[in-house]
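Understanding the architecture of this molecule
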Amino acid sequence: MIRLVRPDAVLVQAVIAGVLSFAHLHDLAEAAGQDGWKAWAYPVSVDLLLVAAWHRLRTLRDAGEPSRSAWSWFAVALAASLGANVATAGLLDLGNVPDWLRILVAGWPALAFLGGTLLAHRPTPPSPPDPEPDPAPLPVLERETEPGVQAEPLPALPAPAPAPTVTAPPALVAHAQKIAADHRTRTGSDIDTETLRARLGVPAPLAEVIAAQLT
């Protein structure tokens, strides 16, 4: 059984519109002085720029990036196609094309090349890297005891012994008072702890205790 292919109305309409627009662009380019194969290359250039801009626009929108540049080139290509359709509808004398239109047609290849290059080679921003997973927590090792055996409590540490109190004999204090008085008479200032320790020949802790009793 042969299955008949039903034509898509939207596709047929798109083909008709594309052919008419292609023919209008060709006629306008030929009227502006571009003869031969060059007149046929103009419609191809306009349609390719229109498709490239639309494709770039869709890509940027899907990536959530600004698409102002793609919109600009899409508008340029659409204006070129729509302008050719309107110009060949009887509003423009194709036998006497104005100079400004000849300039626009002649400058179109450079403009289309620039737009196609910018659309094709504009870098797409890289996607953000996936977040690294959190490191797994280290297992806590518990000390196991043998069944039936209870852990013995640790013995309490003894309290630290108090530091011994340093006392100075009264005779040594009286001798230190004499040394301090003699030092004050000769120098006019009180004797310091280090000088007192050297004069008495005693350890530093004992010299400090004696010096405290002299003040």
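Residues numbered from 1 in each chain as written. Predicted model: local features only at pLDDT ≥ 70, side-chain atom pairs only at ≥ 80, totals over all residues. Heavy atoms only, no water.

**Looking at helix α2 (residues 37–63)**
Our working rule: Only runs of H or I of at least four residues qualify as helices and only runs of E of at least two qualify as strands under DSSP, and these elements are numbered from the N terminus. Every helix has an expected span of 1.5 Å times one less than the residues it contains. Each residue is placed in one exposure class: buried if its accessible area under a 1.4 Å probe, protein chains only, is under 20% of its type's maximum, exposed if it is over 50%, and partly exposed if it falls in between. Contact criterion: two residues are considered in contact whenever any of their non-hydrogen atoms come within 4.5 Å of each other.
With 27 residues, α2 extends 39 Å between its outermost C-alpha atoms, agreeing within 8% with the 39 Å of an ideal straight helix rising 1.5 Å per residue. Considered for burial, the residues of α2 that qualify are Ala39, Tyr42, Pro43, Val46, Leu49, Leu50, Ala53, Arg56, Leu57 and Leu60. Considering only its buried residues, α2 is in contact with α1 (9–31), α3 (68–91) and α4 (99–121). Backbone geometry just after α2 places Gly64 at a positive phi near 75 degrees.

**Section: the packing of α3 against α4**
Applied cut-off: Fitted lines through C-alpha atoms serve as axes, helices being fitted only where they are in contact, and the angles separating the N-to-C directions of these axes extend from 0 to 180 degrees. Each angle receives one of four descriptions, namely roughly parallel if under 35 degrees, roughly antiparallel if over 145, roughly perpendicular if within 65 to 115, and oblique otherwise. The sense of a crossing depends on the near helix, which, turned anticlockwise from the far helix by less than a right angle, makes the crossing left-handed and, turned clockwise, makes it right-handed.
Orientation of α3 relative to α4, taken along the N-to-C sense of each, is 150 degrees, at an axis distance of 10 Å. Relative to α4, the element α3 lies roughly antiparallel. α4 is crossed by α3, and the crossing has left-handed handedness. Residue-level inspection shows Ala70, Trp73, Val76, Ala77 and Ala80 of α3 in contact with α4, the latter providing Trp108, Leu111, Leu114, Gly115, Leu118 and Leu119.

**Some details on α4**
Taking 1.5 Å per residue as the helical rise, α4 with its 23 residues ought to reach 33 Å, and the 34 Å between its terminal C-alpha atoms agrees with that figure. Those residues of α4 that fall on the buried side of the exposure criterion are Leu101, Val105, Trp108, Ala112, Gly115 and Leu119. Of the surrounding elements, those touching the buried residues of α4 are α1, α2 and α3.

All we've got here are geometric facts, nothing functional implied.
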